[in-house]
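Structure assessment
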Amino acid sequence: MAIFKAPIDDIKYLSNEFLDKSALQQIEEFSSVTPDLTDAIYEEAAKISETLLFPLNRSGDEQGCTLNNGVVTTPDGFKDAYVQVTEAGWGNLTCAQDFGGQGLPHYIANAVEEMIISSNMSFSIYIGLTIGAYNAIERFGSEQLKKAYLPHMVSGRWSGTMCLTEPQCGTDLGLIRSKAIPQEDGSYRISGSKIFISAGEQDLSENIIHLVLARTPDAPAGIKGISLFLVPKINSHEDGSLAEPNGVICSAIEHKMGIKASATCAMEFENSNGYLIGELNKGMKAMFIMMNSARIHVGIQGLAVAHAAYCGAVDYAKERLQGRALTGAKQPDTPADPLIVHPDVRRMLLTMKAYTEGARALSMWLSFQLDVSYQANDPTVKQNASELVSLLTPVFKAFLTDIGEIVTSTGIQVYGGHGYIRENGMEQYLRDARICQIYEGTNGVQALDLVGRKLTEHMGRNLRHFFHPVSEFLQQHQHDAALAGFILPLAKSFSRLQNATLFIAQKGLSNPDEAGAAASDYLRLFGLVAMAYMWAKIAHNIHYKKGQMPDEFYDGKLITGLFYMQRLLPQTGALLSAIMSGSQTTMSLKENQF
Ligand SMILES: Cc1cc2nc3c(=O)[nH]c(=O)nc-3n(C[C@H](O)[C@H](O)[C@H](O)COP(=O)(O)OP(=O)(O)OC[C@H]3O[C@@H](n4cnc5c(N)ncnc54)[C@H](O)[C@@H]3O)c2cc1C
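Now for a quick tour of the structure. If you're wondering where the values come from, they're calculated on a predicted model, not measured in any experiment. (Residues numbered from 1 in each chain as written. Predicted model: local features only at pLDDT ≥ 70, side-chain atom pairs only at ≥ 80, totals over all residues.)

**Quick notes on the packing of helix 1 (residues 8-18) against helix 9 (residues 343-375)**
Working note: a packed helix pair is described by the angle between its axes plus the distance between those axes. Selection criterion: Fitting a line to C-alpha atoms yields each axis, with helices limited to the stretch in contact; the angle taken between N-to-C directions then spans 0 to 180 degrees. Helix numbering and strand numbering both begin at the N terminus, where a helix is a DSSP run of H or I of at least 4 residues and a strand a DSSP run of E of at least 2. Each angle gets one of four labels, with under 35 degrees taken as roughly parallel, over 145 as roughly antiparallel, 65 to 115 as roughly perpendicular, and the rest as oblique. A clockwise turn of the near helix away from the far one marks a right-handed crossing, whereas an anticlockwise turn of less than a right angle marks a left-handed crossing. Note on contacts: residues are paired as contacts if their backbone-placed C-beta atoms lie within 7 Å. By the convention adopted, Pro, Cys, Tyr, Trp, Phe, Met, Ile, Leu, Val and Ala count as nonpolar, Lys, Arg, Asp and Glu as charged, and the other residues, Gly among them, as polar.
With their axes 10 Å apart at the nearest point, helix 1 and helix 9 run at an angle of 45° to one another. When the axis of helix 1 is compared with that of helix 9, the two are oblique. Helix-helix and strand crossings are classified by hand; for helix 1 and helix 9 the assignment is right-handed. Judged by residue contacts, Asp10, Leu14, Ser15 and Phe18 of helix 1 engage Glu357, Arg360, Ala361 and Met364 from helix 9. Taken together, the residues of the contact of helix 1 with helix 9 break down into four nonpolar, one polar and three charged.

This is how it looks when you write it as structure tokens:
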């Protein structure tokens, strides 16, 4: 049986020592957010994750969800856990206090979220989707909608979903067919079929608030004719009490590879009451708000499941006795040495650790940039942070979920055959992590978003918000011998990223297939460099501002960071070569040659 331990020391280090929070020090709402308070939040979240949610992870996977006459039943223990988690407010940390939330910064909430997901990814989906729906309603909904729905969603009494996908329409949302017929009172009647809707039906919350993409009869064709509607499962009275059902039916649930305790539903909307969110035909604008927050959430899923797999692998490598160390027996009194003595096992464990801790630093740092983009007093600082987050969101989503796959698969390898069989729980992590590369826009589509939109947006200004600080950091520390092991590799890989960017910008102008063929390699290169920047900042932080952690913690960080720089970052060289080879071979094979 796999073990799970929340990464509480790393989270406290990143939150209290690594993050430079000066950009938000003046914000009144955050003035009470002291390290004592955040440590208490992290410790309590770790406890809930380890003792309440992790014990339901395996049983949830085995039992899965069931559908009977339109009613979905989640696995044993989920309902009780949902009540405990929502009553304690774990789902509403960032929600506005006006609606009953706690108004805390994202860097804290996202660290908590990581622990909850790590311990039980399927369970976390029920909570995470509600926050995504909350964000879209809070930003674009009318005052009336906010008042009627948000307090109940914030309390967890009602949950949220995101209904985009239809049988004929996945990535290409312009193909949506669901209809919205305007009514005299300003509301709409929604009809259509949606598939793959996470938490579309469940037995955890009293009501479910669906955010549905649909088109009105005279809407323009394609993506420009899509609007976003709020469609409750059950209608409600003004005081929040429930009225009659709203014609929202779950017709099937999917049988799938992983996240088996998260209900993935086919939904029918049959003349259901719907309320417009934002402007007519501007549904994608509102949906992007929801999707951006959801994409960061999915990136954190990749990191979180990677951490869970790392916990299991380290524990196993210390316990399992096989073979002797190459340099002579390390435990002569036992029949063999533990796996952890072998260089190849250490390579696997360090790969898992370096990616996971690098991803956590990136998550903490990007989440803080998100806070700056919402809260900074200075409008320029706010705008710059918003553009930086916009640039890095596709990188974060795709790179961290790829890491989720790499690390969970490596975790199985550390266990050998004992990882492949079900008994030890490692194969579940790979099955659960795999979806993260697919939903919320596949990783291939994130790469196209990066090269096709984010790089060129605002005449390349987004990119400068990342490139300039990295250049400045490199310049400031280029002669610092103490940091040389971090600065030189970062400089080399950053220059590769600059070359690749130039290549794509030039070639992509004359032939869009060049950018399309390079996109996934480019995103990976970008992610590796962004992570190297984090490791270099960590090394700088430890060398010059050593704080409260034990020396062993800091030493471990520096060695892990150097492993990343020496053994993982060099992939950037191969990626640059692949990108520079151009699209010729990719595009010249005829369809009948495949
Ligand atoms: C478990 C699960 C939960 C889900 N939850 C939700 C949910 O809550 N709400 C919701 O609305 N949807 C949900 N989805 C749907 C999910 O978001 C879609 O599956 C995903 O967006 C991809 O769409 P598709 O499966 O139709 O694949 P397709 O769009 O058919 O794509 C197939 C392949 O082609 C590639 N591709 C497609 N178009 C292009 C292009 N233009 N250029 C380059 N490559 C391209 C893709 O990258 C992919 O590799 C869920 C799916 C699953 C499996």
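Here the narrative resumes, following the displayed structure.
**Comments concerning the site of the ligand**
Our working definition: Any residue whose C-beta atom, as set from the backbone, lies within 6 Å of a molecule or strand is reported as near that molecule or strand.
What surrounds the ligand is a group of 19 residues, the closest being Leu164, Gly170, Thr171, Ser198 and Thr442. Residues that form the shell around the ligand fall into these classes: ten nonpolar, eight polar and one charged.

**Points about helix 10 (residues 379-415)**
Think of an α-helix as 3.6 residues a turn; residues three or four steps apart then line up on the same face. Note the following rule: To estimate how far a helix should reach, multiply one less than its number of residues by 1.5 Å. Throughout, the bend at a residue refers to the angle made by two axes, fitted to the seven residues ending there and to the seven starting there. Between the buried cut of 20 or more and the exposed cut of 12 or fewer other C-beta atoms within 10 Å of a residue's own C-beta lies the partly exposed class, and all C-beta atoms are placed from the backbone.
An ideal rise of 1.5 Å per residue puts 54 Å on 37 residues; helix 10 measures up with 51 Å between its terminal C-alpha atoms. A bend of about 40° at Leu392 is the largest found in helix 10, and the proline Pro394 appears one to four places after it. Extensive coverage of helix 10 is indicated by the burial of 26 of its 37 residues. Positioned one or two residues after helix 10, Gly416 has a phi angle of 60°, which is positive.

**Topic: the nonpolar core**
The following threshold applies: Nonpolar cores are built from buried Ala, Val, Leu, Ile, Met, Phe, Trp, Tyr and Cys residues. These are joined into a set through C-beta atoms within 7 Å.
Of all hydrophobic cores here, the largest spans 185 residues; its most connected members are Phe229, Tyr522 and Ala532. Top contributing element to this core by residue count: helix 16 (residues 512-545), with 20 residues. Those residues in contact with Phe229 that sit more than four places away from it in its chain are Ala180, Tyr188, Ile190, Val212, Ala214, Gly274, Tyr275, Leu276 and Ile277.

**Re the pairing of strand 11 (residues 264-277)**
Formally: Here, strands pair whenever DSSP counts at least two bridges between them.
In terms of burial, strand 11 is a largely internal element, eleven of the 14 residues being buried. Bridge analysis of strand 5 (residues 188-198) against strand 11 gives eight bridges, and the strand direction is antiparallel. Residue pairing in the sheet places Arg189 in a bridge with Asn273 of strand 11. Across three bridges, strand 7 (residues 227-232) lies against strand 11 in antiparallel orientation. The residue of strand 11 that forms the bridge with Phe229 is Leu276.

**Section: unusual backbone geometry**
Residues other than glycine seldom take positive phi values, yet Glu440 does so here, at roughly 60°. Among the secondary structure elements, Glu440 is positioned in the loop between helix 12 (426-434) and helix 13 (443-454). The class for Glu440 is buried, based on 26 C-beta atoms found within 10 Å. The phi torsion at His458 lies on the positive side, around 50°, for a residue other than glycine. Overall, His458 belongs to the partly exposed group, with 14 C-beta atoms counted inside 10 Å.

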